[in-house]
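Architecture at a glance
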Amino acid sequence: MDPLQKTSTWIGVALLALTVLILPMVLGALWIKVLTSAAIFALAASGVALVYAQLGLINLAQIALIGVGGWIALRLNYATDLPVTLLVIIAGGLTGVIGALFALPALRMRGLYLALVTLMVAALAQIFFNAFQFPNGGEGFWGVAQKSADAVRRPGFAQSDTAYFRYVMIALGVAFMLIGLHKSSAPGRAWAMIRQSEANAMAAGINVTFFKLWAFALSGFLAGTSGALLAGALGQLDARSFLAGEGILLFALAVVGGVFSWLGAIVAGLLYKLLPAIFNDLGLSADIAMIIFGAALMHAIMTAPEGIAGQIMGAFKKGGSDD
Amino acid sequence: MKTSLILATAATLGLSLMGEDAKADGHAPVCGLNTGQAATGEPIKVGGINGNAPPGDFSGGTDGAAAYFDCVNANGGINGRPIDYLVENDQWNPELAGQVATKLVKDEGVVALVGNGSVVEMAVNAPLYAAEDVMVMASGCAISECYESSHIVSTNQGPLPSGIGALKFAIEELGATNAACIGFNIPNNGGWACDWMNEYMSSKGLQGTSILMDPTAVDLNSVYLQALAEGVDTILLMLPAGPAIGLLKVAEEQGGREMFKWVSPTPLYEPGVGEVLGDYWSDHLYINIELNTFDSDGADNQNWVKVMDTYGKDDDRRDTFSQSGYISAKFFVDALLDLDADRIDRPSVTKAIQNIVGVESDLLCDPYYVGVADRHMPNHSGRMVVFKDGGFELMRDCYDIDTNYLEPILAQETALGLD
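This one's a predicted model, so the numbers in the text were calculated from it and none came from an experiment.

Helices and strands together make up the secondary structure of chain A, namely 14 helices and 0 strands. Relative to the compact-globule value of 20 Å for 323 residues, chain A shows a C-alpha radius of gyration of 19 Å, a close match. Viewed in the frame of its principal axes, chain A has a C-alpha envelope of about 60 × 45 × 35 Å. When the 323 residues of chain A are sorted by exposure, 51% land in the buried category.

What follows concerns the overall build of chain B. Counting secondary structure elements, chain B contains 13 helices and 18 strands. Overall size of chain B, expressed as C-alpha extent along the three principal axes, is 85 × 45 × 40 Å. Within the span of chain B, comprising 419 residues, buried residues form 56% of the whole. Excluding contacts between residues fewer than 6 apart, the proportion of contacts in chain B whose partners are at least 24 apart in sequence is 71%.

Once that is clear, we can look at the domain arrangement of chain B. All names here are of chain B. With domains assigned, chain B is organised as domain 1 (38-158 + 297-379) and domain 2 (159-289 + 383-415). On a C-alpha basis, the centroid separation for the pair domain 1 and domain 2 is 27 Å. On the domain 2 side, the residues contacting the 18 residues of domain 1 number 22 residues. Of the residues assigned to the side of domain 1 that touches domain 2, the class counts are 8 nonpolar, 6 polar and 4 charged.

Our focus in this paragraph is the environment of A:Ala103. Residue and element names in this part refer to chain A. You can see Ala 103 is positioned in helix α5 (residues 84-103). A count of 25 C-beta atoms within 10 Å places Ala 103 in the buried class. Dropping the residues within four chain positions of it, Ala 103 is found in contact with Leu 213 and Phe 216.

Most often, soluble globular proteins keep nonpolar side chains buried together rather than apart. Among the nonpolar cores identified, the biggest contains 240 residues, and A:Ala45, A:Ala254, B:Ala112, B:Ile182 and B:Leu236 are the most heavily contacted of them. In terms of residue count, helix α3 (residues 29-55) of chain A provides more of this core than any other element does, 20 residues in total. Composition of this core by domain shows at least three residues from each of domain 1 (38-158 + 297-379) and domain 2 (159-289 + 383-415) of chain B. In contact with B:Leu236, not counting residues within four places along its chain, are B:Gly163, B:Ala166, B:Leu167, B:Ala179, B:Ala180, B:Cys181, B:Ile182, B:Met197, B:Val263 and B:Ser264.

Glancing now at the environment of B:Leu220. All names here are of chain B. Along the chain, the position of Leu 220 falls in helix α7 (residues 220-230). Measuring from C-alpha to C-alpha, the distance between Leu 220 and Asp 419 comes to 42 Å, with 199 residues separating the pair along the chain. When near neighbours in sequence (up to four residues on either side) are disregarded, Leu 220 contacts Pro 243, Gly 246, Leu 247 and Val 250.

Glancing now at the pairing of strand β12 (residues 234-238) of chain B. All names here are of chain B. Most of β12 is tucked away: 5 of the 5 residues are buried. Of the pairings in the sheet, the one linking strand β10 (residues 178-184) to β12 comprises 5 bridges and is parallel in character. In the sheet register, Cys 181 faces β12, and the bridge partner there is Leu 236. Regarding the hand of the β-α-β motif, the stretch spanning β12, helix α8 (residues 241-253) and strand β13 (residues 261-264) is right-handed.

This brings us to the UniProt feature "transmembrane region" (unreviewed entry) in chain A. Residue and element names in this part refer to chain A. Taken from the UniProt record, the annotation "transmembrane region" (unreviewed entry) applies to residues 12-32, 39-72, 84-104, 111-132, 164-181, 202-235, 247-272 and 284-302. Within residues 12-32, the helical portion is 86% and the strand portion 0%, while the C-alpha atoms at the span's ends are 19 Å from each other. In residues 84-104, helix accounts for 95% and strand for 0%; the two terminal C-alpha atoms are 30 Å from one another.

On to the UniProt feature "domain: Leucine-binding protein" (unreviewed entry) in chain B. In the numbering used here, UniProt assigns the "domain: Leucine-binding protein" (unreviewed entry) feature to residues 43-390 of chain B. As annotated, residues 43-390 of chain B comprises 41% helix and 20% strand, and the C-alpha atoms at either end are separated by 43 Å.

Glancing now at the packing of α3(A) against helix α11 (residues 244-257) of chain A. Residues and elements named next belong to chain A. Contact geometry of α3 with α11 gives a least axis separation of 9 Å together with a crossing angle of 75°. Of the possible angle classes, the one that applies to α3 and α11 is roughly perpendicular. Residues Phe 41, Ala 44, Ala 45, Val 48, Ala 49 and Tyr 52 of α3 lie in contact with α11, whose contacting residues are Leu 250, Phe 251, Leu 253, Ala 254 and Gly 257. Taken together, the residues of the contact of α3 with α11 break down into 10 nonpolar, 1 polar and no charged.

Residues and elements named next belong to chain B. The 7 strands are arranged β11-β10-β12-β13-β14-β17-β18 in an open sheet whose pairing can be described as mixed. The strands lining the two open edges of the sheet, one partner per strand, are β11 (207-213) and β18 (391-400). Shown here is a sheet whose adjacent strand axes are inclined to one another by a mean of 25°, direction ignored. In the sheet, β13 pairs with strand β14 (residues 285-289) via 3 bridges, with the strands oriented parallel. Its bridge partner being in β14, Val 263 is matched across the sheet by Tyr 286. Contacts from helix α5 (residues 159-174) reach β10, β12, β13, β14, β17 (381-388) and β18, with the element oriented near 135° to β14. Against the sheet, α7 touches β10, β11 and β12, its axis set at about 160° to β11.

Before going further, it helps to spend a moment on the environment of A:Ile179. Residue and element names in this part refer to chain A. Looking at the secondary structure, you find Ile 179 in helix α7 (residues 161-183). Look at Ile 179 and you get buried, because 23 C-beta atoms sit within 10 Å. Taking C-alpha positions, Ile 179 is 24 Å from Ala 233, a pair spaced 54 residues apart along the chain. Once residues lying within four places of it in the same chain are set aside, the contact partners of Ile 179 are Ser 46 and Leu 50.

So, on to the interface of chain A and chain B. With 25 residues of chain A in contact, the opposing surface of chain B contributes 24 residues. If you list the elements that add at least two residues to the side of chain A that touches chain B, you get α3 and α12 (262-281) of chain A. At 5 residues, α3(A) tops the list of elements feeding residues into the side of chain A that touches chain B. Here the side of chain A that touches chain B is composed, by residue class, of 10 nonpolar, 11 polar and 4 charged.

This paragraph deals with unusual backbone geometry. Residue and element names in this part refer to chain A. The backbone phi angle of Gln 133 is positive, close to 60°, even though this residue is not glycine. With respect to the helices, strands and loops of the structure, Gln 133 is situated in the loop between α6 (111-132) and α7. Take Gln 133: there are 24 C-beta atoms within 10 Å of it, and that puts it in the buried class.

Residues and elements named next belong to chain B. Taken across its 7 residues, strand β1 (residues 44-50) has 6 buried, putting it largely inside the fold. Note that β1 and strand β4 (residues 83-89) share 7 bridges and pair parallel. The partner of Lys 45 across the bridge, within β4, is Asp 84.

Residue and element names in this part refer to chain A. Closest axis-to-axis distance for the α7/helix α10 (residues 208-234) pair is 11 Å, and the angle between their directions is 180°. In terms of orientation, α7 and α10 fall into the roughly antiparallel class. Together, Tyr 164, Val 168, Ala 171, Ala 175 and His 182 of α7 and Leu 218, Leu 222, Thr 225, Leu 229, Gly 232 and Ala 233 of α10 make up the contact between the two elements. Looking at side-chain class alone, the contact of α7 with α10 contains 8 nonpolar, 3 polar and no charged residues.

Thresholds applied
- Residues numbered from 1 in each chain as written.
- Chains lettered and ligands numbered in written order.
- Predicted model: local features only at pLDDT ≥ 70, side-chain atom pairs only at ≥ 80, totals over all residues.
- Helix = DSSP H or I, 4+ residues; strand = E, 2+ residues; numbered from the N terminus.
- Rg over C-alpha atoms; globule rule 2.2 N^0.38 Å.
- Buried ≥ 20, exposed ≤ 12 C-beta atoms within 10 Å, placed from the backbone.
- Contact = placed C-beta atoms within 7 Å.
- Domains from an automatic or database assignment.
- Nonpolar A, V, L, I, M, F, W, Y, C, P; charged D, E, K, R; others polar.
- Core = buried A, V, L, I, M, F, W, Y, C linked by C-beta atoms within 7 Å.
- Pairing = 2+ DSSP bridges.
- Right-handed = clockwise from strand over helix to strand, strands pointing away.
- UniProt positions renumbered as here; feature names shortened; annotations may be inferred.
- Axes fitted to C-alpha atoms, helices over the stretch in contact; angles between N-to-C directions.
- Parallel < 35°, antiparallel > 145°, perpendicular 65-115°, else oblique.

Listed below in structure tokens is the structure:
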């Protein structure tokens, strides 16, 4: 682990402790709810960033996969008495499998073509969600009844919004560790080689298809987990929250935040959920955030390819070398 | 000292007489204590949430409530304390709906919410309201949670009774036998209301079909063609005003006026609808209204007009939901005026609202009540109007509907001595 990585890890641990212990004591209930959403989408953004940073592949279907994870979590919530944390892990796992299955036929493509295919998958999911809706406690496979939704469970120790925020933050920390573990072990080395040259990777005996699918499955797992956590946060899910276009926005914000570090995903989550909430609270149109996102994306593409997180980390590096 | 006392008394008398003159000429609205003196005590925080974004604007309820509260504040407030009315827009977004309700209930500590109108927020926030023991006197409800929650009571009927009321009229007066309910594919909104519409048609030995569309990609042409293909004789527009008008325009382009009997629940009853629809639909569009007609001579309706004229903003909606917001706010204020002004807090307000039983208004067909119950639907009798010459004409005065859905509600009314 290089010194910068070590610093970054310590900063991450300190930030997690600070957010889990201190923030709930100083912030109002509104901001705890907003930050819970931001953390959930940071988790999903970390999946998009992983696939883009490690393999250079664009995934615009992450919002759809969040919806898939949420759908599975809701269905299991109403159909079983499984502990919520186990249910979140199962939703993540099954979404990972679904993500990999959708990625399989698309793996021959790269760049714009792959992006378009993932966008079409997102559009397909949007139609699916609108046609079949999210389970609300009804009977049958789809679990939808034309009535008010039954209650969605949260873990016994995370019933209040504050406790649930802490639960989500810990899940986010675990997800970052999982990504870090992958990057520093065999999959990370394989991804790095594939990104350099698929032909060389193949010549070196790396199963390119398997490791690409692994990346998509991990990204899908993160999206599914965030969908399950979102269902617990809101108490229900609505088809209108998983529009195909939102997948483009999440990818763009992951780029703006920075795809090469965990900090980038946090910046993406904050931009996606906190910024519109601030505008809304000030009585301004939340659409102003879209203008800022556009400008930030231009800035990232032109001057900061490693995103805002890259600039922050760069400042630390510079500070360190000055010493 | 004596001189200043005489002057002060004279000034007070003069102001009171001027106030009496304004009231006597019949133009000034009557609100709360109606003292003509602005309330200056410690404000009482009251919340309100509306849903104003495509595909529908449900801000009429909070507009009507806001105007009435302003009027109350200018007329003595709640025994001297003004109402600080905090309104948020959920923008049809469940996440935002949860956030703004949390802000109002937990951060601002409102004693109650009044005038809420939304297709989203009640579903997300019903558990929060119950957990925090805060009552919501809603005014523009359109989803099942509004009527099936312990801490939400809505003054408007919602799509289920209003839609079935429209169908009842269509069956009895227009000879409807096979109806299509066109709504949004939202389980607790279009799905819920259209499901009960189908059950109602079956109970009459008739046919009903649901045509539910994606609210994020409204394709009115295909919906219209689907209704044609279903071979129905009646179309029930279970939609907000915007998409309902869009569908009527599609039908107009295709000469569909005579092909169906056209009925709608209350959202199409809007002052501006005449200008948009033109003469084509005159005498062919029947609408069930959940409160009274806009031009009713009733005291509350006339006062609503005056309140909106005096305290409303130019861009405020003046629709059924605005009437509903006004009367919700009036019932709320009347309940609070019975409390000790110094001891108004959330528990006392929740209790005062739950104690409302049997209050009457010419805007409603039946007495309004809240009570302690796991569901509330005090308003389930409506009126029927026909769209005619750019305006509306009353076709049938107050009438109730007969659906199994009302069984627990009617049992509640019996228990409260309201039957």
